[in-house]
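The chain contents come next:
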Protein chains: 2
Amino acid sequence: MYNHMQQWKMTMTSTHPDLPIKADDMFCFAVYAASHVINRAYAPLLKPLGLTYPQYITLTCLWETDGLGVGDLSRRLKMESSTLTPLLKRLERLGHIERRRGRDDERQVFVFLTRSGKALRKKAPEVTACMIEATRLDIGTLQDLVGTLRRLTDNLGNDQPSTASR
Amino acid sequence: MYNHMQQWKMTMTSTHPDLPIKADDMFCFAVYAASHVINRAYAPLLKPLGLTYPQYITLTCLWETDGLGVGDLSRRLKMESSTLTPLLKRLERLGHIERRRGRDDERQVFVFLTRSGKALRKKAPEVTACMIEATRLDIGTLQDLVGTLRRLTDNLGNDQPSTASR
DNA sequence: CATTATTAAGTCGTGCACGATTTATTATCT
DNA sequence: AGATAATAAATCGTGCACGACTTAATAATG
């Protein structure tokens, strides 16, 4: 893997001499910087809810499908279980979720929203609307962005695609 | 700030009923997931160099402009000084950079590449090429992506734009 | 059926990332 | 000039994120 490099240099570097050498010309840097700025923009919106952005996005997954296993969440959020476990414990301590071991397979742990966790959902549309507004980009541009990023994510992470169907 | 929300809901939610409610339909989630996957894709490429991705990207800035101050780096990388200081100390301990206090203004700290830090630059094109190859996206798509993300970053982080000119 | 392999979470250590605060230096204002 | 404000890094505490490893439970194999 990652060894189509030679031919790439042949084909691309010849036509575009020094295309991506500067930091801010690189797409990786662009994604990196964007994720920081997004994180910082979320903070004041989520602070009143007592949530961090990773916690919020985890809840978002559960609002879509309650009772997911840790592994499911891990695949959807592109996070390792070692990241997720303590995060989920914090969400549990906050009273928003409940973790239950599987009945037939005791290795698995399933995550369920509590009443309080479900209640937070009402705040979500407002948060999302604020974020979209703050980008000052039109919906079409954002949809293209999401499309490209999803392809990038699926190709780069050579495990399962981010979404099975749809 | 963030209070154009009401009118947004009027204009957008009416035309696109439930546009961004699911986790993976949201651009924030897309950026978030992409940054994780990118980070993980870089790891094996940077491991031989003994660098983490944030360290690598910091060096990239210095390859472009040596002798930047911590503040300059902070603005370019969209990182706080509290993040940057320990990162720079690690890079210094690795022998790739040198930190010197300003002569006329002793508050500022300037960062200079050492011989070893400059030498690492030779490996950069290979790393970049591998990453671009791994995305399996064509250059045009990546350029559009960078363009959109830069606008997003500039609009969302309401301080200075990511790049002065160009 | 017992052994081995695989899987699912969790633990641990390192590094990133932030906000709030601190310290030290420079700028500003009577 | 001397008090006050502003600025630049650094420090501290919390939480995220990973890889490497461990533990426990299920699956596969002889």
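This structure is a prediction, so every number in the text was calculated from the model and none was measured. (Residues numbered from 1 in each chain as written. Chains lettered and ligands numbered in written order. Predicted model: local features only at pLDDT ≥ 70, side-chain atom pairs only at ≥ 80, totals over all residues.)

Draft legend 1. Molecular detail of the packing of helix 3 (residues 53–64) of chain B against helix 5 (residues 81–93) of chain B. Residues and elements named next belong to chain B. Where helix 3 contacts helix 5, the two axes come as close as 10 Å, and the packing angle between them is 80°. Classified by the angle between their axes, helix 3 and helix 5 sit roughly perpendicular to one another. Residues Pro 54, Gln 55 and Thr 58 of helix 3 form the contact with helix 5, whose own contacting residues are Leu 87, Arg 90 and Leu 91. Classifying every residue of the contact of helix 3 with helix 5 gives 3 nonpolar, 2 polar and 1 charged. (Axes fitted to C-alpha atoms, helices over the stretch in contact; angles between N-to-C directions. Helix = DSSP H or I, 4+ residues; strand = E, 2+ residues; numbered from the N terminus. Parallel < 35°, antiparallel > 145°, perpendicular 65-115°, else oblique. Contact = placed C-beta atoms within 7 Å. Nonpolar A, V, L, I, M, F, W, Y, C, P; charged D, E, K, R; others polar.)

Draft legend 2. Expanded view of unusual backbone geometry. Residues other than glycine seldom take positive phi values, yet Arg 136 of chain A does so here, at roughly 60°. Summarising the element assignment, Arg 136 of chain A is placed in the loop between helix 7 (124–135) and helix 8 (139–156). Positive phi, normally seen in glycine, also occurs at Lys 78 of chain B, with a value near 55°. Positionally, Lys 78 of chain B belongs in the loop between helix 4 (70–77) and helix 5.

Draft legend 3. Here's a closer look at the environment of Ala 129 of chain B. Positionally, Ala 129 of chain B belongs in helix 7 (residues 124–135). A C-alpha to C-alpha distance of 28 Å links Ala 129 of chain B and Arg 93 of chain B, two positions 36 residues apart in sequence.

Draft legend 4. Just the protein's contact with DNA strand C, in detail. Of all residues adjacent to DNA strand C, which total 28 residues, the nearest are Gly 69, Gly 71, Ser 82 and Thr 85 of chain A together with Ser 82 of chain B. For the surface near DNA strand C, the elements supplying multiple residues, two or more each, are helix 2 (27–46), helix 4 (70–77) and helix 5 (81–93) of chain A together with helix 3 and helix 5 of chain B. The leading source of residues in the surface near DNA strand C is helix 5 of chain B, at 5 residues. Residues that form the surface near DNA strand C fall into these classes: 7 nonpolar, 12 polar and 9 charged. (Near = placed C-beta within 6 Å.)

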